[in-house]
Every structure is written in C-alpha cells, then in structure tokens.
Amino acid sequence: METNHHHHECGCAQGSHGCGCEHHHEHHDEHGSLGKRFLLISVTVLLLIGAYFVEKTCALSTWQLLLVYLVPYLLIGHDTLGEAAEGIAHGDVFNEHFLMTIATIGALCIGFFPGEETEFAEAVFVMLFFQVGELFEGYAEGKSHDSISHLMTIRPDVAHVCHGEEVQTVAPETVQIGETVLVKRGEKVPLDGNVVSGSALLDTSVLTGESVPREVKEGDEVYSGSINVKGELRLQTTKTFGESTASRIIALVEGAGASKSRSESFITRFARVYTPVVVLAALVLAIVPPLLGALGLGVQLFGEGSFMQLLPLWLNRALIFLVVSCPCALVISVPLTFFGGIGGASRAGILIKGSSYMDALAKVGVVVFDKTGTLTHGEVLVQADEGAPVVVGDRVKESSAEAIAQLRREGVVKTVMLTGDRQEVGDRIARQLGLDEYKAELMPADKLVHVEQLLKQKPAGKTLAYVGDGINDAPVLKRADVGIAMGALGCDAAIEAADVVLMDDEPRKVPLAVHIARRTIRIAHQNVAFAIGVKVAVLLLATVGLGTMWMAVFADVGVTVLAVLNAMRALKKVE
C-alpha cells in the first residue's frame, strides 16, 4: 500500500488493517491540501442548512427529503464510503470508515420505520464531524512534521567548490572527498571537513541545541549544517554529502518515527480485536432487546410492543454505540505524541532513534557513565619518548555534579562510573560528583562484563542506560537497554551504536533526555485514559437510552481533537 505520506506515525503496523487508521493518512495527500478539505466542509455546512430549511418549509415525503439530504451526505461522505467499500473488497472489514458508514446509513434508514422521526441531519453531521476530526489530525501531523523540519533547515542547498582561483557553485551531492569548498558568511557548511584556511564563528545550535557560536580556525573540524555567522572559510571535505553530519541527522530523525514502541503495538493489537467485538456488540444491542421485549420479557427494560415497533429505538442506540466506539482518538494521538516527543528532543540536540527507546528512556533506573569525555574533559598528550597517548589534567565538567543530582530527581536509583583510570582518581571523582558506585582500572572489555552484572541487578521494570562517547564503547552502548552517545557530533561509531545521540558533550542533556521521555509517555497515557473514559461514559448512556447521536459524535470527534491537541504539547522544546 504505497502512500507518499509518512505512514509510520499512524501507529498500526503496515497491513494490520484492523485499527482502521492506515487509510487515514493517504487522503491528506490525495485530497490535496488541508484548504481543500476545509472548503469541502464549508460547502457541506451550507448545503446542510439549505436541506434543513427545505425540510421545514416544504411538505416533502420521507423519500423526497432523503434525496435532499443525500446531496450534502454524499459530498462529505464519499471518501469514507469509498474507504469502507475498499476495506470490504480487501477483506479488511473492521475499520473506522466501516463503523461510520453503517452508523450513518442506519441513521438514514430509521426515518422509514412507522412512527419514527427522521435522522437525516444527524447522519450528515456524523460524516461532517468525522471530516472535521480528519482536518485536525492533518493539521497536527503537519505541525509535528514542521517540528522535525526545523532540522531540514540544516540541509545545505549549494556548495562552492574551489578549482584554483575559480569557484564553481554545485549541488552538495556532487562534491567528492578531498575537494576544497568555500563557505561565505551567512551560508551553511555543506559537507563535513577540515579548515585549510580562514577562521569563522559557526552557529551549531540546530545540531547541538547550544546557542553560543563556536570559533573555528585552520586545522579544526567542521560539520555540515553549521551556519557561518562571521568570517570566511575554506575547508577540505572529509565525507560525501550522504555521509555528512546534516544528512545523517535528518535520516536518523526521519527514521525514528518508523520504530514502533510497545505502547503503539498495544494499540494495534487492541484495535484488531476491539473493532469486531464492537460491531458484534452493536448487533446484539439492536436485535436482542426488541426480541425479548416482543416476547414479553423485561418489558420495563426493553419496552413493550412487537419486534418491529421496538427495533427503531434499539437500532438507534446501537448506531450511537457504533459511532462512540470508533478508536480514532487512540490510534491517532498516541503515535503523534511519540512523534512530537522525538521532534521536541531533537530541538534540544537530543536525537532519540525511535519511540521504543523513548519507552526505555522513560523507565531508566540505573545510569552507567564512562568517565573520560563524558563526566570529565580528558586532555590527551602524546609522550615524546614512548609515543603513547596519556590522559592528563582530567578536569571534571562544570555541570557533571548537577546532572547526577537531576538524574536522582528524575527517579534514577543508581549512578555508576566505569573508568580505565587509576583507583584513586576514580575514587576522587566519584566522591566529588556524588556517584553511588565506581569501578576503576578497567580495560575496554571489562566494561562490558560490569554492565552485564548491573543489568542482572537492576530493579524490576527499570532499564539501564549507558552513557559513553562512543569511541571505544560501541559494544557496551549496544548491550545496555538504552545506549546514550555523548558529544557525538562527527563521531560515526557513536551515532551508529547508540539509541540516543547527544550532539554535544553536556552531561545535563542526560537527565533532560529522561525528562522529555517521561513527559512524552505521560501525555500518551493521559490520552489513552481520557479517550477510554469518555467513550465508556457515553456508551453506558447510549445503552440505557440517555445518549444521543450528538453526544456520540462528540465522544468520537471531540475526544480525537482534544487528544491530538494534548499530543501536540509533546512538541514543546524543554530547556
């Protein structure tokens, strides 16, 4: 099922048609813009007012009146009816379009029963509100794509390649490794490279979330997507466009939506079982009470009269039941919440590779830090006689202690530091930062052994996060429940191995990532509780005859709109 819209946010696995949401997204593109949809809704409203006016002023028969109302009904509902028919043809019967179709066709038929009021206007309204819900969903999806498309602003448009004195402007994709590129003031760095001449102030805020520009000079490494605020640079490219930082970040975040989390797959499974159950329950509600009433059983409950006299009343209740039970709010808002959370985190220079890692990050109970480059600034010197690199002047980062304290406030029960450094250095730093445990004098392979042990000891229902700079700890990043690579700008191994990538080397980003994940999961849970709560209340009212079609429409579309608006809170950038 090809669609040029982002399919994965919908929260149902490709082909798990049961939830009835996969076709939702295809129509945003087929219908063109949201403006077109808005126009369709406006015209339907006018036609509906006209039909109501005709009903009140002209003495038409029920059949004639049906024809008048069919004009706005088919105008606004042709999409939904088409989807329902397509679903039936493909053996995917139970989707929300099917629910809407039988509910509205039922409402159109009720007026033909003896002594029953017509419900033509209600039928048009159900379809109308369904489209209003789709309009909101389209708007919210556009918003969450915008939140990620702030990253698209890092995609460079052109590169100025130098051939001696001559400068040629080309597409960045065509530049080879080792070519010299000129970056003028106000332009984006098109590819990763090393500065060969000139100096500049680079704004890396889109990549790292850091607002202070960075000074670069000859010999420094620069990354694509940075903006040259002041000065002029010539740089020698070290990577192709596709391998450069900007392209990789964009690919990472776009791919993040495709990774399903447990909460999402729960909704897919839930919808696949839920929809047939609802349709069956509605059928029982329409047929069993009038049967019992006609047999003279439970007359107080089911009413008195023949089966055909009682059928319209219970059919109406069953139709209300169907409209209310549509799971749109859940199916749309939960994936949208995750997508928003990933977008909000990327604004702070935190790339979460998928919603399943958002789940794991929210449950972090143990955080293991590699010391050098993560909690401390390691200055590496090469000794003249031996030529071996030695770490000297291992300064603790200013915000490391604060980051550990913030992790405690976020509910992390154990913080551990692993280091290859001497015992006394490890002891001093662990005390200074208030860490629970440390292990010193470790070889890189020992780190994996210790993480394995900590994974066995972690509290039930909690996850273990490992924070490293990715240079020699790719296996440990992979093994932890959540691998967090810090200072990963330009470090390929870290970006590959980690689940969460922090673009700068600021320790406070670790508790911030946990905080964003917790907030995202909290919003998703609120939506699930709210949607199910309102639906259950209206279903109970409908079953005892207090529910109306209008209430049913609110319970479906109103809840969807409110849940979508709540999901959009996840987009906010957290400082």
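All of the points below concern the structure found in this document. For clarity, every value in this text was computed on a predicted model and none was experimentally measured.

1. Focus on the pattern of salt bridges
Where charged atoms of side chains with opposite charge meet at close range, the side chains can pair. The full count for this structure, using the stated rule, is 15 salt bridges. For Lys414, the salt bridge is made with Glu437, and the minimal N-O distance between the two is 3.1 Å. Remark: Glu437 occurs in strand S13 (residues 437-439) and Lys414 occurs in strand S12 (residues 414-418); sequence separation between them is 23 residues. Among the ionic pairs, Asp427 bridges to Arg431, the shortest N-O distance being 2.8 Å. In this pair, Asp427 and Arg431 both sit in helix H14 (residues 423-433), four residues apart, roughly one turn of the helix. Note on Asp427: relative accessible area 25%, which makes it partly exposed.

2. What to know about the packing of helix H12 (residues 355-362) against helix H18 (residues 509-543)
Axis separation between H12 and H18 bottoms out at 8 Å; the angle between their running directions is 105°. Judged by the inter-axis angle, H12 sits roughly perpendicular to H18. From H12, Met358, Asp359, Leu361 and Ala362 reach across to H18, where they touch Ala513, Val514, Ala517, Arg518, Thr520 and Ile521. Broken down by class, the residue content of the contact of H12 with H18 amounts to seven nonpolar, one polar and two charged.

3. With respect to helix H11 (residues 328-347)
Residue pairs three or four apart in sequence face the same way in an α-helix, which turns once every 3.6 residues. Helix length check: H11, at 20 residues, gives a terminal C-alpha distance of 29 Å against a target of 28 Å (1.5 Å per residue), a fit within 8%. Of all 20 residues in H11, 19 are buried, a share of seventy percent or more. Immediately downstream of H11, the backbone of Gly349 shows phi near 80°, a positive value.

Rules used in this analysis
- Residues numbered from 1 in each chain as written.
- Predicted model: local features only at pLDDT ≥ 70, side-chain atom pairs only at ≥ 80, totals over all residues.
- Heavy atoms only, no water.
- Salt bridge = Lys/Arg side-chain N within 4 Å of Asp/Glu carboxyl O.
- Helix = DSSP H or I, 4+ residues; strand = E, 2+ residues; numbered from the N terminus.
- Buried < 20%, exposed > 50% of the residue type's maximum accessible area, 1.4 Å probe, protein only.
- Axes fitted to C-alpha atoms, helices over the stretch in contact; angles between N-to-C directions.
- Parallel < 35°, antiparallel > 145°, perpendicular 65-115°, else oblique.
- Contact = heavy atoms within 4.5 Å.
- Nonpolar A, V, L, I, M, F, W, Y, C, P; charged D, E, K, R; others polar.
- Expected span 1.5 Å × (residues − 1).

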